[in-house]
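Fold and geometry: a report
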Amino acid sequence: MGIQISPSILNSDFSRIGHELERISSADWAHVDVMDNHFVPNLTLGLPVVESILKVSPVPVDCHLMIEDPDRWAPAFAEAGAKSVTFHAEAAAAPIRLARELRKQDARAGLALKPTTAVEPYLELLPEIDMLLIMTVEPGFGGQSFLESMLPKIRRTRQAVKDSGLDVWIQVDGGVSVKTIERCAEAGADVFVAGSAVYGAQDAAASIAELRELAAQAC
Ligand SMILES: O=C(CO)[C@@H](O)[C@H](O)COP(=O)(O)O
């Protein structure tokens, strides 16, 4: 599939979300961060708002669930029409069963890992998932600094995906910008979530194009 850009709408203007989504119509996905103030210390939005976003988004929706009990909630996001639903390994009680349920609902199943969670115990799940999300900041807030220490983890994940022969995407999220995206791509990431880098730019489309170009040149 190649390089994909998934702007996070976390720091967009929710009072005019339709307009904010139009600004990223040249992206591959719209990344929607669902936080419950339990799994992470922040509270954002839930299923009813995601349903509204799905009605107006010009691009497929990539939901990142930073919530407890994803086993209960994640399938509803897929059923509502999110084409990619990512839940956290640290929160899921039965990740294989959940990933299968998401795929059955016609969504891509993503498994996310916090920065301190090792990837190795989850590599055996590669055949069950479509994407591994390596968090490059502590989840909860936009605008944080990229954690350089995640680069070896991305590299090991890419090697494992290559060895498996599977087409599992590797997404990075947190502090991704024109300053960091090349290192992420070089390490093996192929799906890039960027919040402030895109929504903080005057011209979101130009920012998406620049990020795409830098990543493509680096991998
Ligand atoms: O999931 C998260 C934060 O937990 C992210 O999606 C952020 O929203 C990314 O924002 P930037 O770091 O790119 O500003």
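Since the model is a prediction, treat every value here as computed from it, not as a measurement.

1. Some remarks on the overall build of the protein chain
Within the protein chain, the regular secondary structure consists of 8 helices and 8 strands. Its C-alpha radius of gyration of 16 Å places the protein chain within 12% of the 17 Å reference for a compact globule of 219 residues. Along the longest, intermediate and shortest principal axes, the C-alpha atoms of the protein chain span 40 × 40 × 30 Å. For the protein chain, the proportion of its 219 residues judged to be buried stands at 48%. Sequence separation of at least 24 residues holds for 60% of the intrachain contacts in the protein chain that already meet a minimum separation of 6.

2. What about the nonpolar core?
Among the nonpolar cores identified, the biggest contains 68 residues, and Val85 and Phe192 are the most heavily contacted of them. Considering each element in turn, this core owes the most residues, 5 residues, to strand E6 (residues 131-135). Setting aside residues no more than four positions away along its own chain, Phe192 makes contact with Ile5, Ser6, Val172, Val176, Ile181, Cys184, Leu211 and Ala215.

3. Description of the site of the ligand
Contacts to the ligand come from 21 residues, most closely from Ser8, Leu10, Gly142, Gly195 and Ser196. Taken together, the elements giving at least two residues each to the shell around the ligand come down to strand E2 (30-35), strand E8 (191-194) and helix H7 (196-199).

4. Looking at the environment of Trp169
Along the chain, Trp169 falls in strand E7 (residues 169-173). When the 18 C-beta atoms within 10 Å are taken as the criterion, Trp169 is described as partly exposed. The residues contacting Trp169, other than those within four sequence positions of it, are Met1, Asp130, Met131, Asp190 and Val191.

5. Regarding the UniProt feature "binding site: a divalent metal cation" (unreviewed entry) in the protein chain
Look at the UniProt record and you will see "binding site: a divalent metal cation" (unreviewed entry) annotated at His31, Asp33, His64 and Asp173. Taken together, the annotated residues stretch across 143 residues yet fold into one region, lying no more than 10.7 Å apart by C-alpha. Mapping His31 onto the fold places it in strand E2. With sequence-adjacent residues up to four places away left out, His31 is seen in contact with Ser6, Pro7, Ser8, Ile9, Asp62, His64 and Val193. Along the chain, Asp173 falls in strand E7. Excluding anything up to four places from it in sequence, Asp173 contacts His64, Leu133, Met135, Thr136 and Val193.

6. Points about the packing of helix H3 (residues 70-80) against helix H4 (residues 95-104)
In contact at an axis separation of 9 Å, H3 and H4 are set at 15° when each is read in the N-to-C sense. Between H3 and H4, the crossing angle belongs to the class labelled roughly parallel. The way H3 lies across H4 gives a crossing that is right-handed. On the side of H3, the interface is formed by Pro70, Asp71, Ala74, Pro75 and Ala78, while H4 contributes Leu98, Glu101 and Leu102. Here the residues of the contact of H3 with H4 are counted per class, giving 6 nonpolar, no polar and 2 charged.

Cut-offs used in this document
- Residues numbered from 1 in each chain as written.
- Predicted model: local features only at pLDDT ≥ 70, side-chain atom pairs only at ≥ 80, totals over all residues.
- Helix = DSSP H or I, 4+ residues; strand = E, 2+ residues; numbered from the N terminus.
- Rg over C-alpha atoms; globule rule 2.2 N^0.38 Å.
- Buried ≥ 20, exposed ≤ 12 C-beta atoms within 10 Å, placed from the backbone.
- Contact = placed C-beta atoms within 7 Å.
- Core = buried A, V, L, I, M, F, W, Y, C linked by C-beta atoms within 7 Å.
- Near = placed C-beta within 6 Å.
- UniProt positions renumbered as here; feature names shortened; annotations may be inferred.
- Axes fitted to C-alpha atoms, helices over the stretch in contact; angles between N-to-C directions.
- Parallel < 35°, antiparallel > 145°, perpendicular 65-115°, else oblique.
- Left-handed = near helix turned anticlockwise from the far one by under 90°.
- Nonpolar A, V, L, I, M, F, W, Y, C, P; charged D, E, K, R; others polar.

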